[in-house]
Amino acid sequence: MAARIIILEVMGTALLAWIIFCGIQFIRHGRDVVAGAGFVGHVKCEKCGTEYEVSSAEFTKSYMTKYRSVTRTKMQGGAFVNRPQYKYYAKKFQCPCCGKKRYAQVLNINEINQMMTRPVLRAGVRWLILMCIGGFLILTVASIPLHFVDRAREQRIEKLKEQQYEDFKERYGL
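Residues numbered from 1 in each chain as written. Predicted model: local features only at pLDDT ≥ 70, side-chain atom pairs only at ≥ 80, totals over all residues. Heavy atoms only, no water.

Take the sheet that holds strand β1 (residues 40-45) next. With respect to topology, five strands assemble into an open sheet ordered β2-β1-β5-β4-β3, the strand pairing being antiparallel. In this open sheet, the two strands that pair with only one neighbour each are β2 (51-55) and β3 (65-76). Across the sheet, the mean angle from the axis of one strand to that of its neighbour is 40°, orientation sign disregarded. Alignment of β1 against strand β5 (residues 101-106), held across three bridges, turns out to be antiparallel. Paired with Cys-45 across the strands is Ala-104, a residue of β5. (Pairing = 2+ DSSP bridges. Helix = DSSP H or I, 4+ residues; strand = E, 2+ residues; numbered from the N terminus. Axes fitted to C-alpha atoms, helices over the stretch in contact; angles between N-to-C directions.)

So, in structure tokens, the structure goes:
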């Protein structure tokens, strides 16, 4: 019984670690896809009002964002698609005029969002498939020792039953 519990704990830990690993890799790969997309973001500094352009690589460096959006559901290709429409989206960038990292409103965020949806979803599906394949392999590998542990337990139970039957026959002279 203890061996079974240990095997299940190891399997559960391995599955959890694999899921976390795949999640982290999806985030990293999605960021790399956006950084390599080659789009140009048109931004306007909120402090001084300077308009300038940022590359897709610069776009992924900052995590600080503030936004207002409305999610609209559309029928597209036989499926309902929820896509946010940003009324306001700002991110911290290095302003060439101020010389500091300041919030700058991204003026073409809806176009960038529409352009990057498909490649990022493709990356997500790829990592989801890899996560399922890896999880299946972990379950398969863990089921092999579980099979032998269960078989040994069944043999012990059968042996105890036979021993009880023999003791019963001896006790009552059958």
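This brings us to the pairing of β5. In the case of a regular strand, side chains alternate between the two sheet surfaces. In terms of strand pairing, strand β4 (residues 79-94) meets β5 through five bridges, oriented antiparallel. Residue pairing in the sheet places Lys-91 in a bridge with Ala-104 of β5. Between β4 and β5, which pair antiparallel one after the other, the connecting turn spans six residues, and Gly-99 there sits at a positive phi close to 80°.

The next subject is the pairing of β3. As paired elements, β3 and β4 share twelve bridges and run antiparallel to each other. Residue pairing for β4: Lys-66 is matched across the bridge by Ala-90. Hairpin geometry of β3 and β4 is characterised by an intervening segment of two residues between the two adjacent antiparallel strands and by a positive phi of about 65° at Gly-77.

On the surface, Glu-158, Glu-162, Glu-166, Asp-167 and Glu-170 cluster together to form a negatively charged patch. Topologically, Glu-166 is positioned in helix α3 (residues 109-172). (Patch = residues over 30% accessible without salt bridge, like charges linked within 9 Å, V, L, I, M, F, W, Y side chains within 5 Å. Areas by Shrake-Rupley, 256 points an atom, 1.4 Å probe, with all protein chains shown as cover. Salt bridge = Lys/Arg side-chain N within 4 Å of Asp/Glu carboxyl O. Lys, Arg positive; Asp, Glu negative; His and termini not counted. Charge placed at Lys NZ, Arg CZ, Asp CG, Glu CD.)

Taken as a whole and assessed by the stated rule, the structure comprises three salt bridges. Note that Arg-153 and Asp-150 form a salt bridge whose closest N and O atoms lie 3.8 Å from each other. Of the two residues, Arg-153 and Asp-150 are both situated in helix α3; the distance of three residues between them amounts to about one turn of the helix. Shared partners join several salt bridges into a network, and the residues in it are Arg-4, Asp-150 and Arg-153.

A separate point is α3. Here α3 is 64 residues long and its end C-alpha atoms lie 88 Å apart, about the 94 Å a rise of 1.5 Å per residue gives. At Thr-117, α3 is bent by approximately 40°, the largest bend along its length, and proline Pro-119 sits one to four residues beyond. Taken as a whole, α3 has its buried residues at Ile-109, Ile-112, Met-116, Ala-123, Trp-127, Gly-134, Gly-135, Ile-138, Ala-142, Leu-146 and Asp-150. For α3, the elements touching its buried residues are α1 (2-35), β1, α2 (56-59), β4 and β5. (Expected span 1.5 Å × (residues − 1). Bend = angle between axes of the 7 residues up to and from the residue. Buried < 20%, exposed > 50% of the residue type's maximum accessible area, 1.4 Å probe, protein only. Contact = heavy atoms within 4.5 Å.)

Here we come to the state of the cysteines. The final tally for this structure, using the stated rule, is zero disulfides. No disulfide involves Cys-22; its nearest neighbouring cysteine sulfur is the one of Cys-132, lying 8.9 Å away. Residue classification places Cys-22 among the buried positions, given a relative accessible area of 2%. No disulfide involves Cys-48; its sulfur sits 3.5 Å from the nearest other cysteine sulfur, which is in Cys-98. (Disulfide = S-S within 2.5 Å.)

Right, let's get into α1. Compared with the 50 Å implied by 1.5 Å per residue over 34 residues, the 49 Å span of α1 between its first and last C-alpha is a close match. Inspection of α1 places Ile-7, Met-11, Cys-22, Gln-25, Gly-30 and Val-34 among the buried residues, and these make up the whole buried set. Tucked into the core, α1 has its buried residues touching α2 and α3.

Let us look at the packing of aromatic side chains. Enumeration over the complete set of coordinates arrives at eight aromatic pairs. Ring centres of Phe-59 and Phe-93 lie 5.8 Å apart, and the angle between their planes is 40°; this geometry places the pair in the tilted category. On the criterion of sequence distance, the pair formed by Phe-59 in helix α2 and Phe-93 in strand β4 is long-range, its members being 34 residues apart. The same class applies to Phe-59 and to Phe-93, which are both buried. A connected cluster of aromatic rings, assembled from ring pairs, spans Trp-18, Phe-21 and Trp-127. Over the ring of Phe-59 we find Lys-91; its NZ or CZ atom is 4.6 Å from the centre of that ring. (Phe/Tyr/Trp six-rings, centres within 6.5 Å; stacked < 30°, edge-to-face > 60°. Lys NZ or Arg CZ within 6 Å of the ring centre and 35° of its normal.)

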